[in-house]
Amino acid sequence: MSISLSSLILLPIWISMAQIQQGGPDEKEKTTALKDLLSRIDLDELMKKDEPPLDFPDTLEGFEYAFNEKGQLRHIKTGEPFVFNYREDLHRWNQKRYEALGEIITKYVYELLEKDCNLKKISIPVDATESEPKSFIFMSEDALTNPQKLMVLIHGSGVVRAGQWARRLIINEDLDSGTQIPFIKRAMDEGYGVIVLNPNENYIEVEKPKIHVQSSSDSSDEPAEKRERKDKVSKETKKRRDFYEKYRNPQREKEMMQLYIRENGSPEEHAIYVWDHFIAQSAAENVFFVAHSYGGLAFVELMIQREADVKSKVTAVALTDSVHNVWHQEAGKTIREWMRENCCNWVSSTEPLDTSVESMLPDCPRVSAAGLK
């Protein structure tokens, strides 16, 4: 039987608890103190001490994976699909490994958008200074000049970025299932301009600056003996803090802070910004939206904020498992009426494709997506 390091650390405390509980009433105070100590120990954090280093490759090749001719992610040597539980009983480590692979896949999809789909990466805000946080979207060469048709794609919430529908499907199924690439290629083949939104790229992360505390010994007016006592207390405090930090953050992961992107700090803000600076300026007579999950909510918010403009340019909206709610978002009667005529929400259902699905919300029709991913 193997015993983890975290268990060994806690063992003396558990033994002490058992011994004290066998004592009389006068031991209650000690019992309370030990219980308080145990309540302060985060076992999940403590168990991080047993982890291997969170040091992962930064390329698909480093992970020994590649996409085959069918767009499936496979191990280079074994040909097997991706394995999440690479190390038994190390869920956090496996999750961190999965996230590291996901970041590589995000960059890989960006490359496909530019190389395979011939889309341009456009930086936003359009008037950003050199030093401020920035995001980007992707557009076809004719997105703003195509006089007839423009297709706008909005993904859902979470870790997905421009060009993706679902990271899980990219990793476990294939690129066609999890990315927007089939939609983009078909739209371009049929003469549409294309704009791909990036609503989850709302901020950049930077390392938190370290706070330098002035040493008490800098107070030259204090007597030497008093300074020595204060320095001794300060050193003891630092020693205890470092001891705790070793368990709280054993791998010394950097503490990060978020710097939000101007006028793009949320999916809703992003949709409105791209509308104002790109879609509204496009020459297309007919604009079409495809919005998944939270992307549908972002579209409804866009309608609420820019109702007249949206109605004048948008011809139809295809929603997939949209999480919008016209009551919570306070969409007015005229918006609900427009949505009934111009929107359709394909939802997960066991019914045959395009079968009507009942809805309690008075907005757009809901129909079955059947086996569609």
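Provided above is the structure to which this section pertains.
Counting of residues starts from 1 at the beginning of each chain's written sequence and follows it residue by residue. Where totals are concerned, whole chains, interfaces and linings use all residues; where local detail is concerned, this predicted model gives features only for residues with pLDDT of at least 70, and gives and counts side-chain atom pairs only at 80 or more. Working from all heavy atoms in the structure, the side-chain values ignore hydrogens and water.

Colleague: In this structure, what is going on with the overall build of the protein? I would like to understand it.
Modeller: Each helix is a run of H or I in the DSSP string that is no shorter than four residues. Each strand is a run of E no shorter than two, and both are numbered from the N terminus. A count of helical and extended segments in the protein gives 13 helices and twelve strands. Across the 373 residues of the protein, 40% fall into the buried class. Intrachain contacts of the protein at a sequence separation of at least 6 include 67% that bridge at least 24 residues. Values of accessible area rely on a 1.4 Å probe in the Shrake-Rupley scheme; residue burial ignores everything except the protein chains shown. Put simply, the protein shows about 22,100 Å² of open surface, and 51% of that area lies on carbon and sulfur atoms. Exposure classes here rest on a 1.4 Å probe applied to the protein chains alone. A residue is buried below 20% of its type maximum, exposed above 50%, and partly exposed in between. Two residues qualify as a contact provided that any one of their heavy atoms is within 4.5 Å of a heavy atom in the partner residue.

Colleague: Honestly, the state of the cysteines in this entry has me stumped. Any pointers?
Modeller: As used here, a disulfide is simply a covalent bond connecting the sulfur atoms of two cysteines. The rule for a disulfide is simple: a pair of cysteine sulfur atoms within 2.5 Å. Applying the stated criterion across every chain yields a total of zero disulfides. In this structure Cys-343 is not part of a disulfide, and its nearest cysteine sulfur, from Cys-364, lies 5.3 Å away. The cysteine Cys-344 is free of any disulfide, with Cys-364 supplying the nearest cysteine sulfur at 6.8 Å. Among the residues examined, Cys-344 registers a relative accessible area of 17% and is labelled buried.

Colleague: For this particular structure, what's the right way to read the nonpolar core?
Modeller: Looking at soluble globular proteins, one finds that nonpolar side chains tend to be buried together. Residues belong to one nonpolar core when they are buried, are Ala, Val, Leu, Ile, Met, Phe, Trp, Tyr or Cys, and are joined through side-chain atoms within 4.5 Å. Judged by nonpolar contacts, the single largest core of 37 residues is most densely connected at Leu-73 and Leu-113. Residue contacts for Leu-113: discarding those within four places in its chain leaves Asn-118, Leu-119, Phe-138, Ala-162, Gly-163, Ile-181 and Ile-184. Counting residues in hydrophobic clusters, the runner-up holds 36 residues, among them Tyr-273, Trp-275, Leu-302 and Val-314.

Colleague: Any chance you could explain the sheet that holds strand β11 (residues 343-347) here in plain terms?
Modeller: Two strands in a sheet stick together by hydrogen bonds in their backbones, pointing the same way (parallel) or opposite ways (antiparallel). Here the rule is simple: two strands pair whenever DSSP picks up at least two bridges between them. The sheet built from eight strands is open, its strands ordered β3-β4-β6-β5-β9-β10-β11-β12 with mixed pairing. Of all strands in the sheet, those bounded by a partner on one side alone are β3 (120-124) and β12 (366-368). Between one strand axis and the next, the sheet turns by 20 degrees as a mean value, whatever way the strands run. Axes, fitted as lines to C-alpha atoms, cover a helix only where it is in contact. Angles between the N-to-C directions of the axes lie from 0 to 180 degrees. The sheet strands contacting helix α13 (residues 333-342) are β10 (314-320) and β11, and the helix crosses β11 at an angle near 70 degrees.

Colleague: Explain the pattern of salt bridges here, please?
Modeller: Opposite charge on two side chains makes pairing possible when the charged atoms of those side chains draw close. Here a salt bridge means any side-chain nitrogen of Lys or Arg lying within 4 Å of a carboxyl oxygen belonging to Asp or Glu. Throughout the structure, instances matching the rule amount to ten salt bridges. The shortest N-O distance in the salt bridge between Lys-77 and Glu-64 comes to 3.1 Å. Of this pair, Lys-77 sits in the loop between β2 (73-75) and α5 (91-115) while Glu-64 is found in the loop between α4 (60-63) and β1 (65-67), placing the two residues 13 residues apart along the sequence. Residue classification places Lys-77 among the exposed positions, given a relative accessible area of 66%. Residue Glu-64 is classed as partly exposed on the basis of its relative accessible area of 29%.

Colleague: Sorry, what's going on with unusual backbone geometry here?
Modeller: Looking along the chain, the bond that leaves Ile-124 and enters Pro-125 is cis, with omega of -5 degrees. By secondary structure assignment, the location of Pro-125 is in the loop between β3 and β4 (135-139). One non-glycine residue, Glu-64, adopts positive backbone phi at about 65 degrees. Although it is not a glycine, Asp-321 adopts a positive phi angle of roughly 45 degrees.

Colleague: How should the packing of helix α11 (residues 294-305) against α13 be read in this particular structure?
Modeller: Relative to each other, α11 and α13 sit at 130 degrees, their axes nearing to 10 Å. In terms of their interaxial angle, α11 and α13 are classed as oblique. When you trace α11 past α13, the crossing you get is right-handed. Every residue of α13 that contacts α11 at Phe-299, Val-300, Met-303 and Ile-304 is listed here: Ile-335, Trp-338 and Met-339. Ten residues, namely Ala, Val, Leu, Ile, Met, Phe, Trp, Tyr, Cys and Pro, are considered nonpolar, four, namely Asp, Glu, Lys and Arg, are considered charged, and the remaining ones, Gly among them, are considered polar. Looking at the contact of α11 with α13, its residues break down into seven nonpolar, no polar and no charged. Should an angle lie under 35 degrees it is considered roughly parallel, over 145 roughly antiparallel, and from 65 to 115 roughly perpendicular; all remaining angles are considered oblique. Crossing handedness is read from the near helix: turned anticlockwise from the far helix by less than a right angle, it gives a left-handed crossing, and turned clockwise, a right-handed one.

Colleague: Just to check I follow, could you spell out the packing of aromatic side chains for this structure?
Modeller: Remark: the centre distance and the inter-plane angle together describe each pair of aromatic rings, the angle taken between the planes. Stacked, tilted and edge-to-face are the three classes applied to pairs of Phe, Tyr and Trp rings, where Trp contributes its six-membered ring and a pair requires centres within 6.5 Å; stacked means planes under 30 degrees apart, edge-to-face means over 60, and tilted covers the rest. The full count for this structure, using the stated rule, is 15 aromatic pairs. With 5.4 Å between their ring centres and 75 degrees between their planes, Trp-165 and Phe-183 make a pair best called edge-to-face. You can see Trp-165 sitting in the loop between β5 (149-154) and α6 (167-172) and its partner Phe-183 sitting in helix α8 (residues 181-189), a full 18 residues away along the chain. An aromatic cluster is defined as three or more aromatic residues linked by ring pairs; in this entry it consists of Tyr-65, Phe-82, Phe-84 and Tyr-98. Here the basic side chain of Arg-97 rests over the ring of Tyr-86, its NZ or CZ set 4.2 Å away from the ring centre. Here, a charge over a ring is recorded when the distance from Lys NZ or Arg CZ to the ring centre is within 6 Å and its angle to the ring normal is within 35 degrees. Directly above the ring of Phe-136 sits Lys-121, whose terminal nitrogen or CZ lies 4.2 Å from the centroid.

Colleague: Sorry if this is basic, but what is going on with the environment of Leu-150 here?
Modeller: Note on placement: Leu-150 falls in strand β5. The exposure class of Leu-150 is buried, given its relative accessible area of 0%. The spatial distance from the C-alpha of Leu-150 to the C-alpha of Ser-282 is 8.2 Å, given a sequence separation of 132 residues. Once you skip the residues sitting within four places of it in the chain, Leu-150 turns out to touch Ala-143, Tyr-192, Gly-193, Val-194, Ile-195, Ile-279, Ser-282, Ala-284, Asn-286, Val-287 and Phe-288.

Colleague: What is the right way to look at the pairing of strand β6 (residues 193-196) in this model?
Modeller: A regular strand carries its side chains on alternate faces of the sheet. Alternating residues of β6 divide into Gly-193 and Ile-195 and Val-194 and Val-196, and every residue in both groups is buried. Alignment of β4 against β6, held across two bridges, turns out to be antiparallel. By the bridge assignment for β6, Met-139 is matched with Ile-195. The sheet contact formed by β5 and β6 spans four bridges and is parallel. The partner of Met-151 across the bridge, within β6, is Val-194.

Colleague: Which parts of the structure should I look at to understand the side chain of Asn-198?
Modeller: Within the secondary structure, Asn-198 is located in the loop between β6 and β7 (203-207). A relative accessible area of 0% means that Asn-198 is categorised as buried. Those residues in contact with Asn-198, other than ones at most four positions away along the chain, are Tyr-110, Ser-135, Phe-136, Ile-137, His-155, Arg-161, Ala-162 and His-270.

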